[in-house]
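Okay, here's what each chain looks like letter by letter:
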Amino acid sequence: MSAFPDQSPVIAVVLAGGRGLRFGSEVPKQFVKLAGRMVIEHTIDVFECADMVGHIVVVVPSGYQDMIWEAVVRNGWRKVSKVVEGGLDRADSTASAIAALSECPDQARVLVHDAARPLLDQPTIVRCLAALDRHVAVDVVVPASDTIVEVGSEEHIHDIPDRSRLRRGQTPQGFRLGILREAYQRASVRGLVGVTCDCGVVRRELPEVEIATVLGSPSNLKITDGVDLYIAEKLIQTRSIQVAQDENVLERIEGRVIVVVGASYGIGASVANLARSYGARVHSASRTGSNIDITCRQDIEGFLASVADREGRIDAVINSAGVLVKKPLTNMSAMELEQVIGTNLIGAVTLAQLAYPYLRDSEGCLVNFASSSYTRGRAFYAAYSATKAGVVNFTQALAEEWASERIRVLCINPERTLTPMRTRNFGAEPPDSLLCPEVVARATLQAVCSSLTGVVFDVRRHAG
């Protein structure tokens, strides 16, 4: 029985056959981690979520097929039909995909997309498929923002083309399968050396075929080096916050068992109160409120066990416990250092370790808190800044480590917030310069209700 029974299927071909030698990692760039998942997982997920796409074919380097099938199971994807081995270069990989589609009709619409472009958006897919209703080949492009200079053999300027007519090509590139087949059949006669994109093959082999263009997105960047990975991480953070800000998602909290550590005041207390107002079964722990100290392993172990015994499960653990001591490092006592590092970092690690079996059973969520100082250490609270940077790193690492267990690990990074801890260290500040704890609490619970992991949620007074 054919894997593509419909007469005009829409098929996404994700090209991940390259080795990405320029990236410099031990594994091809499409398999490095980005926001808690492999780059290619983000890419495949875009097409899995696209209503018009019925099938996904993934082309990978030799030896990576099982890794993709494991990701299919882990993510619960239903559209991945085939995983095939790629060739030496991009054109060879496309040729491999075409061979895997031998049972597909010529009128099938095929979107060929680079696995290293994980930030493709749904509107671009819709525009591309709409254009394929009127054309047999489509390229996704964006206007050239820089002046393009053509140089001669000695690197002297040969020409400066009119920028208004220039576009930067992206993917996906869309085709009626019959056209792509014919172009590659012809190209195979004189070879595919030097081919850099599938529209280029069609243009070279079938010059009479018009290739339409549709507008892409500047955020649909291709990950080529480490800087691109960093930018992609930030773009995913921005998108994640936008997705999570849907007020309706908080209705999912009803009935969930949520543990909040550090809930006596400030952000933790606001999280606990808001979760209760949406019907969650909340259990709070703090040094002052319930005599439970995050730096004491026995305290946390006993507390989590008692919650699990009473409720039967734990769905989320939110750690808002924190200590800030603002003074020069050389003036801090050994006890103060121990409190800052023990509470903010060691306590977070210990809590995660003890919460793991409960969150594994519930496929739950662990939330940590960073601080705006994690990106750049601040004078007079160096130890605090260092622990918050450590918490972010810890969150990202743990999201990867626990992904196979379907445990999500997130980090909330609030701007300066009006809490008793801040007032003790900084005194009175203009209220309109600080976030309200309730705003941070809402963002925290929205993050808990999302499907994301490994993401740092920035919470700001003014969005955008």
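Here's what I pulled together on the structure shown here. (Residues numbered from 1 in each chain as written. Predicted model: local features only at pLDDT ≥ 70, side-chain atom pairs only at ≥ 80, totals over all residues. Heavy atoms only, no water.)

What about the overall build of the chain?
Step number 1: Across its full length, the chain holds 14 helices and 18 strands.
Step number 2: Projected onto its principal axes, the C-alpha positions of the chain cover 75 × 60 × 35 Å.
Step number 3: Counting the 464 residues in the chain, one finds 52% classified as buried.
Step number 4: In the chain, once contacts between residues fewer than 6 apart in sequence are set aside, the share between residues at least 24 apart is 74%. (Helix = DSSP H or I, 4+ residues; strand = E, 2+ residues; numbered from the N terminus. Buried < 20%, exposed > 50% of the residue type's maximum accessible area, 1.4 Å probe, protein only. Contact = heavy atoms within 4.5 Å.)

Things to note about the sheet that holds strand E18 (residues 456-459)
Step number 1: The sheet built from 6 strands is open, its strands ordered E14-E13-E15-E16-E17-E18 with parallel pairing. Each edge of the sheet is formed by a strand with only one pairing partner; in this case those strands are strand E14 (281-285) and E18. Pairwise comparison of adjacent strand axes, ignoring direction, gives a mean angle of 20° for this sheet.
Step number 2: Note: strand E16 (residues 365-369) against strand E17 (residues 408-414), 5 bridges, orientation parallel. (Pairing = 2+ DSSP bridges. Axes fitted to C-alpha atoms, helices over the stretch in contact; angles between N-to-C directions.)

Structural notes on the side chain of Asn 368
Step number 1: Within the element layout of this structure, Asn 368 appears in strand E16.
Step number 2: Engagement of the side chain of Asn 368 in a polar contact is seen with the side chain of Thr 395, the distance being 3.1 Å.
Step number 3: Asn 368 has contacts with Asn 319, Ala 348, Val 391, Phe 394, Thr 395, Val 409, Leu 410, Cys 411 and Ile 412, leaving out every residue within four places of it along the chain. (Polar contact = N/O pair within 3.5 Å; in protein donor to acceptor, adjacent residues only side chain to side chain.)

Topic: unusual backbone geometry
Step number 1: Here the bond from Thr 171 into Pro 172 is cis, since omega is 15°, no more than 30 degrees from zero.
Step number 2: The residue Pro 172 is located in the loop between strand E10 (167-169) and strand E11 (173-176) in this model.
Step number 3: Phi at Glu 363 takes a positive value of approximately 50°, unusual for a residue other than glycine.
Step number 4: With respect to the element layout, Glu 363 can be found in the loop between helix H11 (334-362) and E16.
Step number 5: We classify Glu 363 as partly exposed; its relative accessible area is 47%.

Considerations on the packing of aromatic side chains
Step number 1: Scanning the model with the defined rule gives 4 aromatic pairs in all.
Step number 2: For the pair Phe 31 and Tyr 64, a centre-to-centre distance of 4.4 Å together with 20° between the ring planes defines the contact as stacked. With Phe 31 in the loop between strand E1 (10-15) and strand E2 (33-34) and Tyr 64 in the loop between strand E4 (55-60) and helix H2 (65-75), this pair connects stretches of sequence that are 33 residues apart.
Step number 3: Residue classification places Phe 31 among the buried positions, given a relative accessible area of 6%.
Step number 4: Taking the centre distance of 5.1 Å and the plane angle of 40° together, the rings of Tyr 356 and Trp 402 count as tilted. (Phe/Tyr/Trp six-rings, centres within 6.5 Å; stacked < 30°, edge-to-face > 60°.)

A word on H2
Step number 1: Looking at H2, one finds that the buried residues are Ile 68, Ala 71 and Val 72. Relative to the axis of H2, the buried residues are bounded by an arc of 105° and lie together on one face. Exposed side chains of H2 directed beyond 90 degrees from the buried face belong to Asp 66 and Val 73.
Step number 2: Tucked into the core, H2 has its buried residues touching strand E3 (37-38), helix H1 (39-48), E4 and strand E5 (80-85).
Step number 3: Looking at the residues trailing H2, positive phi occurs at Gly 76, about 70°. (Arc of directions from axis to C-beta.)

Observations regarding the nonpolar core
The tendency in soluble globular proteins is for nonpolar side chains to be buried side by side.
Step number 1: Ile 258, Ile 318, Ile 412 and Leu 445 are the most contacted members of the largest nonpolar core, which totals 41 residues.
Step number 2: Here the element with the most residues in this core is helix H14 (residues 437-449); it accounts for 7 residues.
Step number 3: For Ile 318, the residues in contact, after removing those within four places along its chain, are Ile 258, Val 259, Val 260, Val 261, Val 271, Val 367, Phe 369, Thr 444, Leu 445 and Val 448.
Step number 4: Counting residues in each nonpolar core, the second largest holds 34 residues, with Ala 50, Val 58, Ala 71 and Ala 115 among its members. (Core = buried A, V, L, I, M, F, W, Y, C linked by side-chain atoms within 4.5 Å.)

A word on the packing of H1 against H2
Step number 1: At a minimum axis distance of 11 Å, the contact between H1 and H2 shows a crossing angle of 60°. The orientation of H1 relative to H2 falls into the category oblique. The hand of the H1/H2 crossing is right-handed. Facing Ile 40, Glu 41 and Ile 44 of H1, the residues of H2 in contact are Ile 68, Ala 71, Arg 74 and Asn 75.
Step number 2: Its residues placed into classes, the contact of H1 with H2 shows 4 nonpolar, 1 polar and 2 charged. (Parallel < 35°, antiparallel > 145°, perpendicular 65-115°, else oblique. Left-handed = near helix turned anticlockwise from the far one by under 90°. Nonpolar A, V, L, I, M, F, W, Y, C, P; charged D, E, K, R; others polar.)

Here's the deal with a nonpolar patch on the surface
Step number 1: Taken together, the side chains of Val 149, Val 151, Ile 157 and Ile 160 define a hydrophobic patch exposed on the protein surface, amounting to about 340 Å² of accessible area.
Step number 2: Position of Ile 160 among the secondary structure elements: in the loop between strand E9 (157-159) and E10. (Patch = residues over 30% accessible without salt bridge, like charges linked within 9 Å, V, L, I, M, F, W, Y side chains within 5 Å. Areas by Shrake-Rupley, 256 points an atom, 1.4 Å probe, with all protein chains shown as cover. Salt bridge = Lys/Arg side-chain N within 4 Å of Asp/Glu carboxyl O.)

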